[in-house]
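Reading the structure
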Amino acid sequence: MTVVPEATELDGGGRTAQPRQLIVTVYGLYSQTEGDWLSVASLIDLLATLGVDEPAVRSSISRLKRRGILEAVRRGTTAGYELSGTGRAILREGDQRIFRRERAKTDDGWLLAVFSVPETERHKRHLLRTQLARLGFGTVSSGVWIAPALLHDVTEHTLGELGLSGYAELFRADHIAFGELAAKVREWWDFAQLDELYTAFLDEYGPTLRRWQRRRSIAADEAFIDYVRVLTGWRRMPYLDPGLPAELLPPDWPGLRASDLFFTLHARLETAARAFVTETVSGTG
């Protein structure tokens with residue numbers, strides 16, 4: 001059975017992020033160097049740096065294990081957890097989105113997901129809608145959802161993995177008539193929510209960037225703290241805004257400025273943050 005993580009485990013939350021969200025970020029960033037595995041001691045030490053105490057770490061690990069994201073694996077006498085197959089797939093796909101700067105173009109066309117689910121299988125309808133929303137689809141009507149065509153492969157894979165392919169059809173499409181496309185896009189996606197989230201991200205992490213720009217040196221532990229938090233805050237954005245074409249966005253769209261902010265901090269902090277993790281893991285493994 002494929003277990004799907006709850007949205008709150010994938011979504012970011014900035015400085016109010018839950019411990020399990022921070023753990024997911026840490027695994028996504030750093031567990032690959034250890035074969036998708038981290039020791040319990042390493043996790044406790046890394047999360048302590050982020051201000052999370054040991055009971056909260058252990059509780060969050062247990063929840064992620066129940067959700068099928070982590071699996072308990074011992075290496076010799078050392079207790080630890082590794083990503084499940086589901087967890088690896090989710091985080092690999094997430095990396096492709098989170099660290100991709102380029103946007104779709106209108107000439108690329110669109111992907112339509114058309115579905116009909118019998119009333120006797122309403123849970124499948126809910127799961128299908130939840131997954132399309134998580135993938136970044138907008139809603140044309142109750143049974144017709146739309147996304148940039150570049151989401152074709154991941155959509156086909158996800159619906160197949162979840163046993164939902166029998167309820168939906170996927171089409172490549174072009175918008176050819178009736179209405180201005182930019183106006184339609186603003187109906188299909190919740191731009192008010194996106195504007196609010198991007199603006200909050202800029203307000204929260206703009207000071208972080210300015211602080212680092214004033215500094216001549218980088219303290220590895222501080223880089224780790226800020227990098228994990230900014231990435232956790234950013235992580236949900238590429239799902240809510242799936243790279244919509246820039247020419248269809250409102251003037252002075254905060255999403256473009258938020259993207260510049262994230263990638264500037266990424267370039268500034270990633271190397272030092274990784275060095276801190278390497279040192280911490282080697283000392284507690």
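Below: a short report on this structure. (Residues numbered from 1 in each chain as written. Predicted model: local features only at pLDDT ≥ 70, side-chain atom pairs only at ≥ 80, totals over all residues. Heavy atoms only, no water.)

1. Things to note about the sheet that holds strand E4 (residues 110–115)
As a reminder, the rule being used: Here, a strand pair is defined by DSSP locating no fewer than two bridges between the strands. The way it works is that DSSP assigns letters per residue, a run of H or I at least four long becomes a helix, a run of E at least two long becomes a strand, and they are numbered from the N terminus. Comment: axis = line fitted to C-alpha atoms, over the contacting stretch for helices; angle = value between 0 and 180 degrees taken between N-to-C directions. Two residues form a contact once any of their heavy atoms are found within 4.5 Å.
Strand order across the open sheet formed by four strands is E5-E6-E4-E7, with antiparallel pairing between neighbours. One side of each edge strand has no neighbouring strand; the edge strands of this open sheet are strand E5 (138–141) and strand E7 (168–173). For this sheet the average axis-to-axis angle between neighbouring strands, irrespective of direction, equals 30 degrees. The strands touched by helix H8 (residues 181–188) are E4, E5 and strand E6 (144–148); relative to E5, the strand with the most contacts, the crossing angle is about 100 degrees.

2. Describing helix H9 (residues 191–214)
Note the threshold: To estimate the expected span of a helix, subtract one from its residue number and multiply by 1.5 Å. Fitting axes to the seven residues that end at a residue and to the seven that start at it, the angle between those axes gives the bend at that residue. When accessible area is computed with a 1.4 Å probe and restricted to protein chains, residues below 20% of their type maximum are described as buried, those above 50% as exposed, and intermediate ones as partly exposed.
Under the 1.5 Å per step criterion, the end-to-end length of H9 is 34 Å for 24 residues, consistent within 8% with the ideal 34 Å. A bend of about 35 degrees at Tyr-205 is the largest found in H9, and the proline Pro-207 appears one to four places after it. Buried residues of H9: Phe-191, Leu-194, Leu-197, Tyr-198, Phe-201, Leu-202, Tyr-205, Gly-206, Thr-208, Leu-209 and Trp-212, and no others.

3. Quick look at unusual backbone geometry
At Phe-178, a position not held by glycine, the phi torsion is positive, near 75 degrees. By the element assignment, Phe-178 lies in the loop between E7 and H8. One non-glycine residue with positive phi stands out, namely Asp-252, at about 55 degrees. Looking at the secondary structure, you find Asp-252 in the loop between helix H11 (237–240) and helix H12 (254–284). The exposed category is assigned to Asp-252, whose relative accessible area is 62%.

4. Description of the packing of helix H3 (residues 40–49) against helix H4 (residues 54–66)
Our working definition: Throughout this description, any angle smaller than 35 degrees is read as roughly parallel, any larger than 145 degrees as roughly antiparallel, any in the 65 to 115 degree range as roughly perpendicular, and the remainder as oblique. Helix crossings are classified by the rotation of the near helix relative to the far one: an anticlockwise turn of less than a right angle makes the crossing left-handed, while a clockwise turn makes it right-handed. Under the scheme applied here, ten amino acids are nonpolar (Ala, Val, Leu, Ile, Met, Phe, Trp, Tyr, Cys and Pro), four are charged (Asp, Glu, Lys and Arg), and all others, including Gly, are polar.
Between H3 and H4, the shortest axis-to-axis distance is 9 Å and the interhelical angle comes to 125 degrees. Classed by the angle they form, the pair H3 and H4 counts as oblique. The handedness of the crossing between H3 and H4 comes out as right-handed. Here Val-40, Leu-43, Ile-44 and Leu-47 of H3 come into contact with H4, specifically with Glu-54, Val-57, Arg-58 and Ile-61. In terms of residue class, the contact of H3 with H4 is built from six nonpolar, no polar and two charged.

5. What about the packing of aromatic side chains?
Rule in force here: The rule is short: rings of Phe, Tyr and Trp, with Trp giving its six-membered ring, pair when the centres are within 6.5 Å, and they are stacked under 30 degrees, edge-to-face over 60, tilted in between.
Counting across every chain of the model gives twelve aromatic pairs. Between Tyr-30 and Phe-224, the ring centres sit 6.2 Å apart and the planes meet at 40 degrees, which makes this aromatic pair tilted. A residue pair is termed long-range when its members are at least 10 positions apart, and Tyr-30 in helix H2 (residues 19–30) and Phe-224 in helix H10 (residues 220–234) qualify at 194 residues. On the basis of relative accessibility, which here comes to 2%, the residue Tyr-30 falls in the buried class.

6. Some thoughts on the pattern of salt bridges
Definition in use: When a carboxyl oxygen of Asp or Glu is within 4 Å of a side-chain nitrogen of Lys or Arg, the pair counts as a salt bridge.
Tallied over the entire structure, the rule returns nine salt bridges. Residues Asp-260 and Arg-101 are paired through a salt bridge, measuring 2.6 Å at the closest nitrogen-oxygen approach. With Asp-260 in helix H12 and Arg-101 in the loop between helix H5 (85–98) and E4, this residue pair connects regions lying 159 residues apart in the sequence. Look at Arg-101 and you get partly exposed, because its relative accessible area is 44%. Here Arg-257 makes a salt bridge to Asp-252, at a shortest N to O gap of 3.5 Å. Residues joined in a network through salt bridges with shared partners are Glu-119, Arg-122 and Arg-125.

Nothing here speaks to function; it is all geometry.
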